[in-house]
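Chain by chain, the residues run as shown.
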Amino acid sequence: MWWGGRGQSFNIAPQKAEPDMGLSGPKSVQRTGMLESRSCQLGSHLASGCLPGEQILAWAPGVRKGLEPELPGTLICTNLRVTFQPCGWQRSQETPLSSEYDFVLVNIGRLEAVSGLSRVQLLRPGSPLKFTPEEILIHGRDFRLLRVAFEAGGLEPQAFQVTMAIVRARAQSSQAQQYAGISLSKAGQSSGSRKPPVPLLETSEDWETERKKQGAGGWRVSPVNERFDVATSLPRYFWVPKRTLDSEVRRAFGHFHQGRGPRLSWHHPGGSDLLRCGGFYTASDPNKEDIRAVESMLQAGHSDIVLVDTVDELPSLTDVQLAHLKLRALCLPDSSAAEEKWLSALEGTRWLDYVRSCLRKASDISVLVTSRVRSVVLQERGDRDFNGLLSSLVQLLSAPEARTLLGFQSLVQREWVAAGHPFLTRLGVTGASEEAPVFLLFLDCVWQLLQQFPAEFEFSEFFLLALHDSARVPDTLTFLRDTPWERGKQSGQGTPNSLLGTPLTHSCLSGTGIYATTVNRYYNSITLAMTRNTAQIPGSLDSSQTSWFLDPPVLCGSSPEGL
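**Side note on the overall build of the protein**
Part 1 of the reasoning: Counting secondary structure elements, the protein contains 19 helices and 14 strands.
Part 2 of the reasoning: Here the protein holds 563 residues, and the buried ones make up 56% of them.
Part 3 of the reasoning: In the protein, the share of contacts with a sequence separation of at least 24, taken over all contacts with a separation of at least 6, comes to 68%.
Part 4 of the reasoning: Roughly 24,700 Å² of accessible area belongs to the protein as shown, and the carbon and sulfur atoms make up 52% of that amount.

Written out as structure tokens, the structure reads:
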């Protein structure tokens, strides 16, 4: 089971008072005894929580501040994470990384050491510590802040050691080094060979099952990229027109950026097809046969074709990153924004403007797909960011099935994970300059839809929050790589354990009470039952209706009653 973080509750036993040592021995002996006692307690606490291959680098007793009441405990640095363990807290063996007290090293955005009222040092990877800290502030990339004050009374060396251990561990922050020899998912290990409820799209059988489920009769599963020799960022299998030969697919894809040629993303029950592809190489010189193959794949058997420039009217990756940085600074507990000006500051980040732009464009594309039978092609140069965002939103707007819990998991698996969205790069894990949380922007778009149409989604905001946290706290290989090729290589067997597969079964969650929080109690399943077997999904909301925040897009298969 992978759920954890903010949605999980913890039972923290009251701290037992230490016995008064009186004058029974020297202070040094008393302190040594206390340290040995703490060390034994630390070992027993971590025995069930450490992952195989995880090593403790340093630790120091301290008090977590910023909470009421403050929590005494221990700050621990390992080769994988920084964690704060409150006194008396027992870690769940099923969620070894997913607690509000854990900061995976790659999730640390900023580290600050504090001494006194004015002495603050920003600690970058590899930088020396100029003083013994009284407090340490860990700013997470997921909007969390961990503030720990160290105990005084002769324990300052431990505070210095644990702080420097964190600095050194962050300096060795390459993904390969951090996860070498560490087994990341206990949930995945316990699942055995059970078939996951959501196809991981690693086999041709998975793709064929999904094709039949969508009713895409004019398409077939192509194994042309089975060895990743066409494109390492594409899955092994994808859908191409039934009449197109694999040899034609191979030649045609060679004329597109990173080999990401046109392929089916979603087949609408009414007959339209939604495709996605990368940009066409301007210096490419295709022959007549290649041109005919490309045209045939774009038309997909339709007489009407609409080519949509995905990035038109949408923010750039740089814009998204800048807005996210401003939003994160605004939402941290130590934000300098005045309370009465907070909403104005939120508007100034432009994050909500970008959410609105994505929803508006997805609504326009949804109209193109549903209004008449045609081929709608989403084209983006890299085909790995906004194509996935818009394709996913269009399906959420147009298909009630995608708004179910399993349907949404399947959507994310197909349009983001299998399609090769560069999670590591966009979330800033690799340290590259192309950081931009496009997936988090998508989750925020879905949250806005959920707020406007609460009866149309089977899952709740807690499910979206869990996905957000899991992208930053990698319990499995789902968000640990940039491409399907890298993910399959890391798994060792070519079939990676997925966050969206086995760990999300009803049986895994129902016994803990967590499953109930991921399901939306306002969900109206009647809409899905009425539209599942129809050729044309009926019903829509008037996009001219007003909303507290966004102009609501057209949502097919929904009803305005009760909104």
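Additional details are given in the paragraphs that follow.
**A few points about a negative patch on the surface**
Part 1 of the reasoning: A surface patch of negative charge is lined by Asp309, Asp312, Glu313 and Asp364.
Part 2 of the reasoning: Counting through the fold element by element, Asp309 comes out in strand S13 (residues 305-309).
Part 3 of the reasoning: Using a relative accessible area of 45% as the deciding quantity, one classes Asp309 as partly exposed.

**What to know about helix H7 (residues 288-299)**
Part 1 of the reasoning: For H7, with 12 residues, the first-to-last C-alpha span of 16 Å sits near the 16 Å given by 1.5 Å per residue.
Part 2 of the reasoning: For H7, the set of buried residues is Asp290, Ala293, Val294, Met297 and Leu298. Here the buried residues of H7 occupy an arc of 130 degrees about the axis, which is enough to place them on one side.
Part 3 of the reasoning: Looking at the packing, one finds that the buried side of H7 touches strand S9 (219-222), strand S10 (238-241), helix H6 (246-253), strand S12 (273-277), S13 and strand S14 (375-379).
Part 4 of the reasoning: The N-capping residue of H7, defined by a side-chain oxygen 3.2 Å from the backbone nitrogen of Glu289, is Asn287.
Part 5 of the reasoning: Following H7 by one or two positions, Ala300 has its phi on the positive side, about 55 degrees.

**Notes on the sheet that holds strand S6 (residues 119-122)**
Part 1 of the reasoning: Spatial strand order, S4-S3-S2-S1-S8-S7-S5-S6: 8 strands in an open sheet with antiparallel pairing. A single partner strand is all that each edge strand has here, and the edge strands are strand S4 (102-104) and S6. Neighbour to neighbour, the strand axes of the sheet diverge by 30 degrees on average, direction disregarded.
Part 2 of the reasoning: With 6 bridges connecting them, strand S5 (residues 108-115) and strand S7 (residues 135-140) associate as antiparallel partners.

**Some points on the side chain of His257**
Part 1 of the reasoning: Relative to the elements of secondary structure, His257 occurs in the loop between H6 and strand S11 (263-267).
Part 2 of the reasoning: A distance of 3.3 Å separates polar atoms of two side chains, one belonging to His257 and the other to Arg381.
Part 3 of the reasoning: What His257 contacts, discounting residues up to four positions off in sequence, is Gly279, Tyr281, Arg381 and Gly382.

**A short note on the sheet that holds S11**
Part 1 of the reasoning: Taken in spatial order, the 4 strands of this open sheet run S11-S12-S14-S13, and their pairing is mixed. The open sheet has two edge strands with one neighbour each: S11 and S13. The mean angle between the axes of side-by-side strands here comes to 25 degrees, regardless of whether they run parallel or antiparallel.
Part 2 of the reasoning: When S11 meets S12, the two strands line up antiparallel, connected through 4 bridges. From the neighbouring strand, Arg263 faces S12, where its bridge partner is Arg276.

**A closer look at the nonpolar core**
Proteins that are soluble and globular tend to have nonpolar side chains buried together.
Part 1 of the reasoning: Counting residues in hydrophobic clusters, the biggest one holds 63 residues, and the most contacted among them are Leu389, Leu393, Phe408 and Phe442.
Part 2 of the reasoning: At 10 residues, the largest contribution of residues to this core is made by helix H14 (residues 438-452).

**A closer look at the packing of H14 against helix H15 (residues 461-472)**
Part 1 of the reasoning: It is the contact of H14 with H15, at a shortest axis distance of 10 Å, that shows an interaxial angle of 175 degrees. Judged by the angle between their axes, H14 and H15 are roughly antiparallel. Contacts between H14 and H15 involve Leu440, Leu443, Val446, Trp447, Leu450 and Gln451 from the first element and Glu461, Leu464, Leu467, His468 and Arg472 from the second.
Part 2 of the reasoning: Its residues assigned to classes, the contact of H14 with H15 comprises 7 nonpolar, 2 polar and 2 charged.

**Quick word on the confidence of the model for the protein**
Part 1 of the reasoning: For the protein, per-residue confidence averages 78 on the pLDDT scale, and residues scoring 70 or more make up 72% of the total.
Part 2 of the reasoning: Residue range residues 530-551 is modelled with pLDDT below 50. Its contacts to residues more than four positions away, or to other chains, number 52 contacts.
Part 3 of the reasoning: The model gives residues 559-563 a pLDDT under 50, and that stretch makes 8 contacts with residues more than four places away or in other chains.

**Description of unusual backbone geometry**
Part 1 of the reasoning: Unusually for a residue other than glycine, Glu313 sits at a positive phi of about 70 degrees.
Part 2 of the reasoning: Locating Glu313 in the fold gives a position in the loop between S13 and helix H8 (317-331).
Part 3 of the reasoning: Classification of Glu313 as exposed rests on a relative accessible area of 62%.
Part 4 of the reasoning: Positive phi is not limited to glycine here, since Asp383 has a value of about 60 degrees.
Part 5 of the reasoning: Along the polypeptide, Asp383 turns up in the loop between S14 and helix H11 (386-398).
Part 6 of the reasoning: According to the relative accessible area criterion, Asp383 is buried, its value standing at 0%.

**What to know about the side chain of Asn387**
Part 1 of the reasoning: Take Asn387: it is sitting in helix H11.
Part 2 of the reasoning: Residue Asn387 is classed as buried on the basis of its relative accessible area, which comes to 0%.
Part 3 of the reasoning: Among the polar contacts listed, one links the side chain of Asn387 to the side chain of Asp383, at a separation of 2.7 Å.

Calculation rules
- Residues numbered from 1 in each chain as written.
- Predicted model: local features only at pLDDT ≥ 70, side-chain atom pairs only at ≥ 80, totals over all residues.
- Heavy atoms only, no water.
- Helix = DSSP H or I, 4+ residues; strand = E, 2+ residues; numbered from the N terminus.
- Buried < 20%, exposed > 50% of the residue type's maximum accessible area, 1.4 Å probe, protein only.
- Contact = heavy atoms within 4.5 Å.
- Areas by Shrake-Rupley, 256 points an atom, 1.4 Å probe, with all protein chains shown as cover.
- Patch = residues over 30% accessible without salt bridge, like charges linked within 9 Å, V, L, I, M, F, W, Y side chains within 5 Å.
- Salt bridge = Lys/Arg side-chain N within 4 Å of Asp/Glu carboxyl O.
- Lys, Arg positive; Asp, Glu negative; His and termini not counted.
- Charge placed at Lys NZ, Arg CZ, Asp CG, Glu CD.
- Expected span 1.5 Å × (residues − 1).
- Arc of directions from axis to C-beta.
- Polar contact = N/O pair within 3.5 Å; in protein donor to acceptor, adjacent residues only side chain to side chain.
- Pairing = 2+ DSSP bridges.
- Axes fitted to C-alpha atoms, helices over the stretch in contact; angles between N-to-C directions.
- Core = buried A, V, L, I, M, F, W, Y, C linked by side-chain atoms within 4.5 Å.
- Parallel < 35°, antiparallel > 145°, perpendicular 65-115°, else oblique.
- Nonpolar A, V, L, I, M, F, W, Y, C, P; charged D, E, K, R; others polar.
- pLDDT = per-residue confidence, 0-100.

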